[in-house]
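An overview of the molecular structure
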Amino acid sequence: MGFKSSLRLLAAILFIGLVSAQRDHQHARSVRSSTGLKNEAETESEYWRQNAQKILTAKLEQLQAAHTKRAKNVIMFLGDGMSIHTVTATRNLLGDSAEKVYFERFPFTGMSKTYCIDRQVADSACTATAYLGGVKGNYGTIGINANVPRYDCLGALNEADQVPSMAQWAQAAGKDAGLVTSARVTHASPAGVYAHIADRNWENDMEVTAGGCDANQTIDIARQLVEWTVGKNLKVILGGGRQNFINSTVRDEAGYPGYRQDGRNLIEDWLHDKQARNSSASYVWSRKGLNEVDLDNTDFLLGLFASGHLPYDGDRARSPALSPLADPSLTELTEAALRVLRRNENGYFLFVEGARIDMAHHSNYARRSLEDTAEFARAVQRAREMTSEEDTLIVVTSDHSHVLSINGYPDRKLDITGLAESLGDDNKPYSILSYANGPGYDGTFNKAEGRKLLTQKDTQHPLYVHPSMVPLNADTHGGDDVAVFASGPYAQYFSGNYEQTNIPAMMARAAGIGPYADL
């Protein structure tokens, strides 16, 4: 073979090698052949054809049966930080990628855009104004339009800039309204039901003063809940946050001091207001207390089950101190709320938030977040079981996403919170779930060994902090669109891609309330 021929052969070999390397780089090789088969029937083409036929048949039936009768009741479920990746990963936690989280079975699905007026990536405050009031506001503000900048002490007092919520529209129409959350009831998302304020952190008078405002003029969120029209007329308020209702010199039922500096006990003020109206009202702070309330004969119910937020749902099962015997689940709170609200013949609006989905993500606690998503789905299922699709619209969505990703090419049989089978280019394993940023960075890298060596034992711990790429004390939200699932009257409205502000407009239209009632 001549020299030129040898060069051409060498060039061809190098070219083939380069193409092969590029191809392999696109899809990393597994360390073993896949054993991920979970359902033998899936190997047959006919399985998928029959599955498609079932879906098509169901879609046709749903379109033919689309409800055009007004919704007597509207229930909005908000999975805080429940990105599409979160829902997908929860399927695996529940058993398999082919599973459906309960609300994924709803007949109509859409996507909403979550940005704030001044931010590409939203927080839970500006989004609450959007999905409850139909107006986008500035980051960190609640119940006000973008004319009011964040931290403006008196800006939220201008009625022209206040944004009415679904709860206000419902009350004006003679319906009742209530809220359920696993966060503090004064936290950003539930505050969107009743509050108008220029900083989400002003949950009590101490925080207002720390923000440089006069607490006698800038009314904190807890006081708005107890004193202002929408808040004090909510028939059900269930969640956490006792610390924002009592003074710092007073301890709550569990021995924790309050945060207030004005000497007020807003829980007592709430009770006095209901007594003055000759209404039956109950305040409870434990699961035991809730179970003792005659819910079918209660006009007003206030339940504050923690000084701060309620515990993560998975921790309720793992920790004796936070056991199901001590703390109510989101499902139990939802059922209690519905039993009180259903007494109104005109109907109701109920807001339910699974708040801890988001908080677990912020700490890169993927397992905790998925466990709370599973409990959130159980609450949705309980609500659907207690109501009729003929007269009750249920809408499930999220306020924003998170920076969680699902990595590698893991076998179907693997635990979603565990390790992928393949190795990184550094010959070390990596987790199926990881975050773009957050506190997980500290457990991912060190100077001595670079990326730390992970084991399955590490990932099996319920408090395992999943890896992140950028070090932050809390992960950020994501800016991608979030899903919307709907069932009941006018659920067909919720198909497509739209602004988050369209959600309350469509709910109000379905119920015949608010400014969209007669369009």
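Refer to the preceding data block for the structure.
An account of the accompanying structure is given in this report. (Residues numbered from 1 in each chain as written. Predicted model: local features only at pLDDT ≥ 70, side-chain atom pairs only at ≥ 80, totals over all residues. Heavy atoms only, no water.)

1. A look at helix H15 (residues 366-386)
An α-helical turn contains 3.6 residues, so a residue and the one three or four places further along point in the same direction. Here is the rule: Secondary structure elements follow DSSP: runs of H or I of four or more residues count as helices, runs of E of two or more count as strands, with numbering from the N terminus. In this scheme, a helix's expected span is set at 1.5 Å multiplied by one less than its residue total. Residue exposure (1.4 Å probe, protein chains only): buried if accessible area is under 20% of the type maximum, exposed if over 50%, otherwise partly exposed.
Look at H15: 31 Å from first C-alpha to last across 21 residues, which is about the 30 Å you get at 1.5 Å a residue. Judged by how many residues are buried, H15 sits mostly within the fold: 16 of 21 residues are covered.

2. Details of the environment of Thr501
Formally: Working rule for contacts: check all heavy atoms of both residues, and any pair within 4.5 Å makes them a contact.
In this fold, Thr501 is placed in the loop between strand E19 (496-499) and helix H17 (502-511). A sequence separation of 370 residues divides Thr501 from Tyr131, and the C-alpha atoms of the two residues are 5.4 Å apart. Setting aside residues up to four positions removed in sequence, Thr501 forms contacts with Ala130, Gly134, Val135 and Lys136.

3. Some remarks on the nonpolar core
For clarity, the threshold we go by: By convention a nonpolar core is built from buried Ala, Val, Leu, Ile, Met, Phe, Trp, Tyr and Cys residues, the set being connected through side-chain atoms within 4.5 Å.
Counting residues in hydrophobic clusters, the biggest one holds 64 residues, and the most contacted among them are Tyr194 and Phe494. In contact with Phe494, not counting residues within four places along its chain, are Thr109, Gly110, Leu393, Val395, Val484, Ala486, Ile503, Met506 and Met507. Listed in part, the 39 residues of the second largest apolar core include Tyr102, Val293, Ala337 and Leu338.

4. A closer look at the sheet that holds strand E1 (residues 73-79)
Within a sheet, adjacent strands bond to each other through the backbone by hydrogen bonds, running parallel or antiparallel. Just so we agree on the cut-off: Strands are treated as partners if at least two bridges between them are detected by DSSP. For helices, the fitted line uses only the C-alpha atoms of the stretch in contact; every axis is such a line through C-alpha atoms, and the angle between N-to-C directions lies from 0 to 180 degrees.
Read from one edge of the open sheet, 10 strands run E5-E6-E4-E3-E7-E1-E8-E18-E2-E19, paired in mixed fashion. With partners counted over all chains shown, the strands left at the sheet margins are strand E5 (281-284) and E19, one partner each. Ignoring strand direction, the axes of neighbouring strands in this sheet form an average angle of 15 degrees. Here strand E8 (residues 392-397) runs beside strand E18 (residues 482-487); their pairing, made up of four bridges, is antiparallel. What sits directly across from Val395, in E18, is Ala486. The sheet strands contacting H15 are E1, strand E7 (348-354), E8 and E18, and the helix crosses E1 at an angle near 170 degrees.

5. Remarks on the state of the cysteines
We count it as follows: A pair of cysteine sulfur atoms is labelled a disulfide when the two atoms are within 2.5 Å.
Per the counting criterion, the structure on display carries two disulfides. The partner cysteine of Cys116 in its disulfide is Cys126, sulfur to sulfur 1.9 Å. Across the S-S bond of Cys116 and Cys126 the torsion is about -50 degrees, and the bridge reads as left-handed. On the criterion of sequence distance, the pair formed by Cys116 in the loop between strand E2 (108-113) and helix H4 (124-133) and Cys126 in helix H4 is long-range, its members being 10 residues apart. Of the two residues examined, Cys116 and Cys126, each falls in the buried class. Here Cys153 connects covalently by a disulfide to Cys213, the sulfurs 1.9 Å from one another. Linking Cys153 and Cys213, the disulfide has an S-S dihedral of approximately -75 degrees and is accordingly described as left-handed. Here Cys153, found in the loop between H4 and helix H5 (166-172), pairs with Cys213, found in the loop between helix H7 (205-210) and helix H8 (221-227); they are 60 residues apart in sequence, far enough to count as distant. In this structure Cys153 comes out as partly exposed when scored by relative accessible area, which is 24%. On the basis of relative accessibility, which here comes to 8%, the residue Cys213 falls in the buried class. Sequence-ordered numbering of the disulfide-bonded cysteines in the chain gives the connectivity 1-2, 3-4.

6. Overview of the packing of helix H3 (residues 84-93) against H15
Threshold: Any angle that is under 35 degrees is reported as roughly parallel, and any over 145 degrees as roughly antiparallel; angles of 65 to 115 degrees are reported as roughly perpendicular and all others as oblique. Residue type decides the class: Asp, Glu, Lys and Arg count as charged, Ala, Val, Leu, Ile, Met, Phe, Trp, Tyr, Cys and Pro as nonpolar, and the leftover types, Gly among them, as polar.
At a minimum axis distance of 9 Å, the contact between H3 and H15 shows a crossing angle of 85 degrees. Our classification of the angle between H3 and H15 gives roughly perpendicular. Counting all contacts with H3, which are made through Thr86, Ala89, Thr90 and Leu93, the residues of H15 involved are Arg367, Ser369, Leu370, Glu371, Thr373 and Ala374. Classifying every residue of the contact of H3 with H15 gives four nonpolar, four polar and two charged.

7. Some points on the packing of aromatic side chains
We count it as follows: Each aromatic pair joins two rings of Phe, Tyr and Trp (for Trp, the six-membered one) with centres within 6.5 Å, and gets the label stacked for planes under 30 degrees apart, edge-to-face for over 60, and tilted for any other angle. Put simply, a charge is over a ring when the Lys NZ or the Arg CZ is close to the ring centre, within 6 Å, and near the line of the ring normal, within 35 degrees.
Counted according to the given criterion, the structure contains eight aromatic pairs. On the numbers, 5.9 Å between centres and 70 degrees between planes, the contact of Phe103 with Phe376 is edge-to-face. You can see Phe103 sitting in the loop between H3 and E2 and its partner Phe376 sitting in helix H15, a full 273 residues away along the chain. Phe103 gets classed as buried once you look at its relative accessible area, which sits at 0%. Taken together, a centroid distance of 6.2 Å and an interplanar angle of 10 degrees make the contact between Tyr131 and Phe351 stacked. Of this pair, Tyr131 sits in helix H4 while Phe351 sits in strand E7, placing them 220 residues apart in sequence. In this structure, Tyr131 and Phe351 share a single accessibility class: buried. Ring pairs connect the aromatic residues Phe77, Phe103, Phe376 and Phe485, which therefore count as one cluster. Against the face of Tyr139 rests Arg119, its NZ or CZ located 4.0 Å from the ring centre. Its guanidinium or amino end placed over the ring of Phe300, Lys235 lies 5.1 Å from that ring's centre, counting from NZ or CZ.

8. What to know about the side chain of Arg242
Let me state the cut-off plainly: Contacts described as polar in this section are N or O atom pairs within 3.5 Å, which, within protein, must combine one atom able to donate a hydrogen with one able to accept it, while residues neighboring in sequence count only if both atoms come from side chains.
With respect to the helices, strands and loops of the structure, Arg242 is situated in the loop between strand E4 (236-240) and helix H10 (266-276). On the basis of relative accessible area, Arg242 is assigned to the buried category, the value being 3%. In this structure the side chain of Arg242 is engaged in a polar contact, spanning 3.4 Å, whose partner is the side chain of Glu253. At 2.8 Å, the side chain of Arg242 and the backbone oxygen of Leu304 are in polar contact. Every residue in contact with Arg242, bar those within four places of it in the chain, is listed here: Asp252, Glu253, Ala254, Tyr283, Trp285, Leu304, Phe305, Ala306 and Ser307.

9. Re the packing of helix H13 (residues 330-341) against H15
In plain terms, the rule: Less than a right angle of anticlockwise turn of the near helix away from the far helix marks a crossing as left-handed, whereas a clockwise turn marks it as right-handed.
Running from amino to carboxyl end, H13 crosses H15 at an angle of 25 degrees, the nearest separation of the two axes being 8 Å. When the axes of H13 and H15 are compared, the pair comes out roughly parallel. In the packing of H13 onto H15, the handedness of the crossing is right-handed. From H13, Leu330, Thr331, Thr334, Glu335, Leu338 and Arg339 reach across to H15, where they touch Glu375, Phe376, Arg378, Ala379, Arg382, Ala383 and Met386.

10. Section: unusual backbone geometry
Excluding glycine, a negative phi dihedral is what most residues carry, and trans is how most peptide bonds are arranged. A positive phi angle is found at Tyr151, which is not glycine, with a value near 75 degrees. You can see Tyr151 is positioned in the loop between H4 and H5. On the basis of relative accessible area, Tyr151 is assigned to the partly exposed category, the value being 49%.

11. Examining the sheet that holds strand E13 (residues 433-438)
Strand order in this open sheet of three strands is E10-E13-E16, and the pairing throughout is mixed. Looking at the sheet topology across the chains shown, the edges are occupied by strand E10 (404-406) and strand E16 (468-471). Averaged over all adjacent pairs, the angle separating strand axes in this sheet is 20 degrees, with direction ignored. Examined bridge by bridge, E10 and E13 share three bridges and lie antiparallel to one another. What sits directly across from Ser405, in E13, is Ser434. Strands E10 and E13 of the sheet are contacted by H3, whose axis makes an angle of about 50 degrees with E10.

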